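Okay, here's what each chain looks like letter by letter:
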Amino acid sequence: MSRALVTGVKGQDGIFLVEFLLSKGYTVYGLDRSLDDSRIKHLLNNNCFKMIPGDLTNQTSLENALRESEAEEVYNLGAMSFVEESFRQPEITFQHTGQSVLNMLQAIWKVNRSVRFFQASSSEMFGNNLSNPQEETSPFCPCSPYGKAKLFGHRMTVLYRERGLYACSGILFNHESHRRTPHFVTRKISLGVAHIYMGSQNKLELGNLDAKRDWGYAPEYVEVMWKMLHQRKPTDYVIATGESHSVRDILDIAFGQIGIYNWQPYVKGYCEHLLRPNDINELKGNPSKARDQLGWNPKINFEQLIRDMVQDDIFEISLQKKGSPFHGTIIA
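Residues numbered from 1 in each chain as written. Predicted model: local features only at pLDDT ≥ 70, side-chain atom pairs only at ≥ 80, totals over all residues. Heavy atoms only, no water.

Draft legend 1. Highlighting the side chain of asparagine 286. In this structure, asparagine 286 sits in the loop between strand E13 (267-268) and helix H9 (288-294). Only 3.1 Å separates the side chain of asparagine 286 from the side chain of serine 288, close enough to count as a polar contact. Ignoring anything within four residues of it in the chain, the contact list for asparagine 286 reads Pro133, Gln134, Glu135 and Val238. (Helix = DSSP H or I, 4+ residues; strand = E, 2+ residues; numbered from the N terminus. Polar contact = N/O pair within 3.5 Å; in protein donor to acceptor, adjacent residues only side chain to side chain. Contact = heavy atoms within 4.5 Å.)

Encoded structure:
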């Protein structure tokens with residue numbers, strides 16, 4: 001039975017990845033320093049899933065986690081991942097998003113160099129470069145503390161691969177689901193639209209409505225993480241859909257799901273407190289390497305993703321408000 005250690009286990013990707021690995025017959029260890037298990041309570045009764053207390057900023061705790069888990073694979077998903085917040089807390093962002101990668105790599109180097117390591121890198125590393133779409137060889141030009149911290153972790157992963165570790169990075173473009181926290185724009189919109197439909201909210205405040213991103217479906221992205229660790233040689237891959245859409249496109253689909261085709265009366269855009277100091281105009285990935293070498297193709301398209309997120313949030317809100325879920329399907 002294979003054994004894996006997953007950091008960031010209580011985030012969207014961590015939960016989906018643990019579920020995926022358990023379905024593959026793994027014993028999975030989750031690393032986290034938080035005492036709040038509410039997001040993973042459905043996993044805690046599984047005898048093949050165990051939590052290990054640990055701190056990505058403390059290399060000794062990572063060494064202890066590696067010894068306790070006897071992990072053969074490490075998936076490093078833990079990070080301070082809110083780009084806007086990184087401008088307010090750049091030092092903490094670097095410690096949890098950049099330095100933490102080096103800590104884990106050095107822990108593996110010290111404890112067990114046969115461990116296979118996956119690093120969750122980010123499309124934010126590309127910044128506002130001139131290449132479009134972005135691919136593995138595109139220049140990096142991050143324009144946020146988060147992007148710069150991710151780039152440090154990415155380059156450390158390359159360095160340790162060159163030293164002999166099986167270490168690879170997935171350069172992940174935006175990937176979403178109902179498990180996204182509400183400060184990410186896709187979930188903020190889907191949740192806001194659901195509340196508007198249910199009558200518990202009448203306005204949605206957003207930042208840049210014209211920003212374009214490559215948005216995919218999170219469960220498909222964790223599957224490719226696993227695929228990357230099962231290749232003969234480690235390398236890096238861009239994981240993306242190859243399409244970009246604007247925030248306005250999300251609003252069109254999300255409001256359309258509840259039968260509203262003019263969303264402007266419900267949305268206040270370009271709110272100053274939600275605008276990034278240095279925003280990226282567009283990010284769109286070229287996933288051809290992952291398609292050709294890993295046989296990976298995303299199946300859930302953008303429109304279906306947004307519609308499903310709205311529907312899921314309406315279901316959850318109805319469950320909370322009435323004690324019984326909304327059972328219908330809203331199709332405009």
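Draft legend 2. Focus on the packing of helix H1 (residues 12-23) against helix H7 (residues 218-228). Where H1 meets H7, the closest approach of the two axes is 9 Å, and the angle between their N-to-C directions is 60°. The orientation of H1 relative to H7 falls into the category oblique. Our pair here, H1 against H7, has a crossing hand that is right-handed. Note on element contacts: H7 touches H1 through Ala218, Pro219, Val222, Glu223, Met225 and Trp226, opposite Gln12, Asp13, Phe16, Leu17, Phe20 and Leu21. (Axes fitted to C-alpha atoms, helices over the stretch in contact; angles between N-to-C directions. Parallel < 35°, antiparallel > 145°, perpendicular 65-115°, else oblique. Left-handed = near helix turned anticlockwise from the far one by under 90°.)

Draft legend 3. Spotlight on the nonpolar core. Core analysis: the largest hydrophobic core is formed by 35 residues, its most contacted members being Leu21, Tyr75 and Phe118. Listed by contribution, the elements that provide at least two residues to this core are strand E1 (3-7), H1, strand E5 (116-122), strand E6 (166-172), H7, strand E11 (237-239) and H9. Ignoring sequence-local partners within four residues, the contact set of phenylalanine 118 consists of Val74, Tyr75, Asn76, Leu77, Cys168, Ser169, Gly170, Met225, Met228 and Leu229. Residues Ala194, Leu251, Ile253 and Val267 belong to the second largest nonpolar core, which totals 27 residues. (Core = buried A, V, L, I, M, F, W, Y, C linked by side-chain atoms within 4.5 Å. Buried < 20%, exposed > 50% of the residue type's maximum accessible area, 1.4 Å probe, protein only.)

Draft legend 4. Structural detail: the packing of helix H2 (residues 59-69) against helix H4 (residues 90-111). For the pair H2 and H4, the least separation of the axes is 9 Å and the interaxial angle reads 50°. As far as their axial angle goes, H4 and H2 are oblique. At the point where H2 passes H4, the crossing takes the right-handed sense. Where H2 abuts H4, its residues Gln59, Leu62, Glu63, Leu66 and Arg67 lie against Ser100, Asn103, Met104, Gln106, Ala107, Ile108, Lys110 and Val111.

Draft legend 5. How the structure looks around unusual backbone geometry. Here asparagine 132 and proline 133 are connected by a cis peptide whose omega angle stands at 5°. Among the secondary structure elements, proline 133 is positioned in the loop between E5 and helix H5 (145-163). Backbone geometry at glutamate 70 places phi at a positive 50°, although glycine is not the residue there. Along the chain, the position of glutamate 70 falls in the loop between H2 and strand E4 (73-76).

Draft legend 6. Layout of the confidence of the model for the chain. Confidence in the prediction of the chain, expressed as mean pLDDT, is 94, and 97% of residues score 70 or more. A low-confidence stretch, residues 324-332 (pLDDT under 50), is modelled with 23 contacts involving residues beyond four sequence positions or located in other chains. (pLDDT = per-residue confidence, 0-100.)

Draft legend 7. Spatial organisation of the environment of tryptophan 109. The topology assignment puts tryptophan 109 in helix H4. The spatial distance from the C-alpha of tryptophan 109 to the C-alpha of glutamine 134 is 31 Å, given a sequence separation of 25 residues. Setting aside chain neighbours within four positions, we find tryptophan 109 in contact with Tyr160, Arg163 and Leu165.

Draft legend 8. Quick look at the pattern of salt bridges. Counted under the stated rule, the structure contains 16 salt bridges. One salt bridge in this structure joins lysine 10 and aspartate 37, with 2.8 Å as the shortest N-O distance. Of this pair, lysine 10 sits in the loop between E1 and H1 while aspartate 37 sits in the loop between strand E2 (27-32) and strand E3 (49-53), placing them 27 residues apart in sequence. Notably, a salt bridge pairs arginine 179 with glutamate 19, separated by 2.8 Å at the nearest N-O pair. (Salt bridge = Lys/Arg side-chain N within 4 Å of Asp/Glu carboxyl O.)

Draft legend 9. Spotlight on the sheet that holds E6. Read from one edge of the open sheet, seven strands run E3-E2-E1-E4-E5-E6-E11, paired in parallel fashion. Looking at strand neighbours, the two that pair on one side only are E3 and E11, the edges of this open sheet. With direction set aside, neighbouring strand axes in the sheet form an average angle of 25°. As paired strands, E2 and E3 are joined by five bridges and run parallel to one another. Across the sheet, the residue bridging to valine 28 is phenylalanine 49, located in E3. Along the sheet, H4 makes contact with E1, E4, E5 and E6, crossing E5 at roughly 170°. Taken strand by strand, H5 contacts E5 and E6, and its axis lies near 150° from that of E5. (Pairing = 2+ DSSP bridges.)

Draft legend 10. View of the packing of aromatic side chains. Scanning the entire structure with this criterion turns up ten aromatic pairs. Relative to tyrosine 160, the ring of tryptophan 109 has its centre 6.1 Å away and its plane inclined at 80°; by these criteria the two rings are edge-to-face. On the criterion of sequence distance, the pair formed by tryptophan 109 in helix H4 and tyrosine 160 in helix H5 is long-range, its members being 51 residues apart. The exposure classification of tryptophan 109 matches that of tyrosine 160, with both residues buried. Chaining the aromatic ring pairs together yields one cluster made of Phe126, Phe140 and Phe173. Lysine 24 extends its terminal NZ or CZ atom over the ring of tryptophan 226, reaching a point 4.4 Å from the ring centre. Positioned above the aromatic ring of tryptophan 109 is the side chain of arginine 113, whose terminal nitrogen or guanidinium carbon lies 3.8 Å from the ring centre. (Phe/Tyr/Trp six-rings, centres within 6.5 Å; stacked < 30°, edge-to-face > 60°. Lys NZ or Arg CZ within 6 Å of the ring centre and 35° of its normal.)

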